[in-house]
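The primary structure of each chain is shown beneath.
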Amino acid sequence: QVQLVESGGGLVQPGGSLRLSCVASGSIGSPDFMGWARQAPGKQRELVASINAVGIRYYADFVKGRFTISSDNNKRTWFLEMNTLEPGDTAVYSCYQNVRGNQYWGHGTQVTVSS
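These notes cover the structure that comes with them. Treat the numbers as computed from the prediction; the structure is a model and nothing was measured.

Thresholds applied
- Residues numbered from 1 in each chain as written.
- Predicted model: local features only at pLDDT ≥ 70, side-chain atom pairs only at ≥ 80, totals over all residues.
- Heavy atoms only, no water.
- Pairing = 2+ DSSP bridges.
- Helix = DSSP H or I, 4+ residues; strand = E, 2+ residues; numbered from the N terminus.
- Axes fitted to C-alpha atoms, helices over the stretch in contact; angles between N-to-C directions.
- Disulfide = S-S within 2.5 Å.
- Buried < 20%, exposed > 50% of the residue type's maximum accessible area, 1.4 Å probe, protein only.
- Contact = heavy atoms within 4.5 Å.

Concerning the sheet that holds strand 3 (residues 18–25)
At step 1: Here we have four strands laid out as an open sheet, ordered 1-3-8-7, and antiparallel in their pairing. Two strands in the sheet have a free side with no partner beyond their single neighbour: strand 1 (3–7) and strand 7 (67–71). Averaged over all pairs of adjacent strands, the angle between strand axes in this sheet comes to 15°, irrespective of strand direction.

Focus on the state of the cysteines
At step 1: Summed over the entire model, instances satisfying the criterion amount to one disulfide.
At step 2: What pairs with Cys22 in a disulfide is Cys95, and their sulfur atoms sit 2.0 Å apart. Of note, the bridge from Cys22 to Cys95 carries an S-S torsion of about 55° and is right-handed in sense. Placement of the pair is Cys22 in strand 3 and Cys95 in strand 9 (residues 91–99), with a sequence separation of 73 residues. Each member of the pair Cys22 and Cys95 is classed as buried.

Re the side chain of Thr77
At step 1: The residue Thr77 is located in strand 8 (residues 77–82) in this model.
At step 2: Since its relative accessible area comes to 16%, Thr77 is described here as buried.
At step 3: In this view, Thr77 contacts Cys22, Val23, Ser71 and Asp72; residues no more than four positions away in its chain are not counted.

Below, the structure written as structure tokens:
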């Protein structure tokens, strides 16, 4: 059973920063890629950032230059460093991991950007 658990969400003022973490546990193979997605109230879930097995990163246009995705060497933990946060970044952020055609998701962590 694979489990992904996020942490690091919270309330932050506009212009502030947060660092999200995702830890994967259970019997999994080497991941193909890991990433983060978010879903705001009333909106569809959207991809935020991903990183593949060789470290190639993808960022959605709306976070380029502000967010950074990284992972540790064993690819069991990955992070989303979020800077210059805006109210529009308010959402539930969920991590995911693709392993040999299977996709696993965490339950999400709330990020609220408000003054």
